[in-house]
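Descriptive analysis of the structure
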Amino acid sequence: MTGSGGEISRRTLMMAGAASAVMVMAGVCGYAQAAMGKQRVAVRSTEVSIRGEDFYINGKPTYAGRVWQGHRIEGLLLNARMVNGIFDDLNPETSKRWVYPDSGVWSADRNTNEFVAAMPKWRRHGLLAFTIGLQGGSPEGYSHHGQPWINSAFTPDGSLRPAYFDRLTRILDQADRLGMVVIVGYFYQAQDKQLADEAAVVHAVDNATNWILSHGYRNVVVEINNECDQHYANAILRPDRVDELITRVLHIERNGRRLLVSTSYGGPLPKENVVKAADFILVHANNVATAQRLTDSIHTTRAMLGDGAKPIVFNEDDHTDFEKPDSHMAAAAAEHVSWGFLDYRRDGEAFQEGYQSVPADWKIDSERKRGFFNLLSEITGEGSQVR
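Anyway, here's the lowdown on the structure attached to this text.

Criteria and cut-off values
Residues numbered from 1 in each chain as written. Predicted model: local features only at pLDDT ≥ 70, side-chain atom pairs only at ≥ 80, totals over all residues. Heavy atoms only, no water. Pairing = 2+ DSSP bridges. Helix = DSSP H or I, 4+ residues; strand = E, 2+ residues; numbered from the N terminus. Axes fitted to C-alpha atoms, helices over the stretch in contact; angles between N-to-C directions. Left-handed = near helix turned anticlockwise from the far one by under 90°. Contact = heavy atoms within 4.5 Å. Nonpolar A, V, L, I, M, F, W, Y, C, P; charged D, E, K, R; others polar. Expected span 1.5 Å × (residues − 1). Buried < 20%, exposed > 50% of the residue type's maximum accessible area, 1.4 Å probe, protein only.

Below, the discussion takes up the sheet that holds strand 4 (residues 54–57). Across a sheet, strands are paired by hydrogen bonds formed along the backbone, either parallel or antiparallel in direction. Strands sit in the order 3-4-5 across an open sheet of 3 strands; the sheet is antiparallel. The open sheet is flanked by strand 3 (48–51) and strand 5 (60–61), the only strands paired with a single partner. When strand 3 meets strand 4, the two strands line up antiparallel, connected through 4 bridges. Bridging from a neighbouring strand, S49 pairs with Y56 of strand 4.

Right, here's the structure in full:
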């Protein structure tokens, strides 16, 4: 099993109030930091920003000028859920579940390396963003009998595990080169129990946020936690209080820059406290039965926003009827809302199926994957049909 790692050393440099503790992390890729000194940061190529309901990359709207079936695609952030790109299992009792069919062993480095190798083709076919999780997501797609594995980029006290952040670096660097945006999720409902207490959760938020900023990444937006309305052990990650962590990230800056931040919900409707605090709205639609219900939920969310326009992003939806004119993906595009594909391996399916299932085949080599990327290519006008 790979990726157990130790803790990254850190020194607190400045406290800007309880909501904005700024800690400068020594980078896992050799970015040395002396106290109050200057840090050497790689030059980055991709910067994401928001204007009204639209996403911009390097000062230009995404999919600039693109219209599909009369609907404006410019400004959208079409995406896929690839949350297990840095996955590992630190539980020796369960790590054997994830062995590759060709080798009979599990390798976290192989998983990330194959992810990085697949990214250029995703981008050529119109994918601009994906979600990656510091605690991943269910490696089974949906887990109905508990999740005893240990997959967390954080130690119990909220420090960072270097092996995880080494793998994350490979992905973020490739995304930066390709002009892609990465939605980095900090916590997952079945893994937040790996942190000792609320103080550790707060520590983890500060550490991850400062790591991203100190490494100069401008193509990252933050999802505090996946589906805050699910069963979190720590109260600060639940709907009534998660806005505290959003606000905390908003107040952490590096050279005048901060990260764009939100959190997601298991259903299609957010809560008022997050609507007010977040830079953009993240929702899921796995349990939304029809395209009309999806459209209705979008209208309800826009009414909650009022005059304060913000982008709405679905970054998880397991509906795969891409050939139908009223698919969820098409319905979201018609409402000028970004949509994200969740794919997982169903029972008995081949290794090629499913992007969330571990071990993952990150290529575009199954019927569902081709269906998604072909419609994505059609909507965005980028790339050709995948055969």
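Now that the structure has been shown, the text picks up again.
It is at 10 Å that the axes of helix 3 (residues 198–214) and helix 4 (residues 242–250) come closest, and there the two elements cross at 35°. Like other packed secondary-structure pairs, helix 3 and helix 4 cross with a definite hand, here right-handed. In this structure, helix 3 contributes V201, V202, V205, D206 and T209 to the contact, and helix 4 contributes L245, R248 and V249. The residue inventory of the contact of helix 3 with helix 4, partitioned by class, reads 5 nonpolar, 1 polar and 2 charged.

Below, the discussion takes up helix 8 (residues 367–380). Taking 1.5 Å per residue as the helical rise, helix 8 with its 14 residues ought to reach 20 Å, and the 20 Å between its terminal C-alpha atoms agrees with that figure. With 10 of 14 residues buried, helix 8 lies mostly within the body of the structure. Residues of helix 8 that are buried sit in contact with strand 6 (67–68), strand 8 (79–81), helix 1 (108–124), helix 7 (328–334) and strand 15 (340–341).

By the secondary structure assignment, L178 is in helix 2 (residues 162–178). For L178, a relative accessible area of 25% corresponds to the partly exposed category. Separated by 132 residues in sequence, L178 and T46 place their C-alpha atoms 8.2 Å apart. Setting aside its immediate chain neighbours within four residues, L178 contacts M119, P120 and R123.

This part covers the side chain of T295. By secondary structure assignment, the location of T295 is in helix 6 (residues 291–305). Aside from chain neighbours lying at most four places away, what touches T295 is A331 and E335.

Take the sheet that holds strand 11 (residues 220–225) next. On the basis of which strands lie adjacent, the open sheet formed by 6 strands has the order 12-11-10-9-8-15 and parallel pairing. Among the strands making up the open sheet, the edge pair consists of strand 12 (260–262) and strand 15. As defined by bridge partners, strand 9 (residues 129–133) adjoins strand 10 (residues 181–187) across 5 bridges and the pair is classed as parallel. For G133, the partnering residue across the bridge sits in strand 10 and is G185. Of the strands in this sheet, strand 9, strand 10 and strand 11 are in contact with helix 2, which crosses strand 9 at around 170°.

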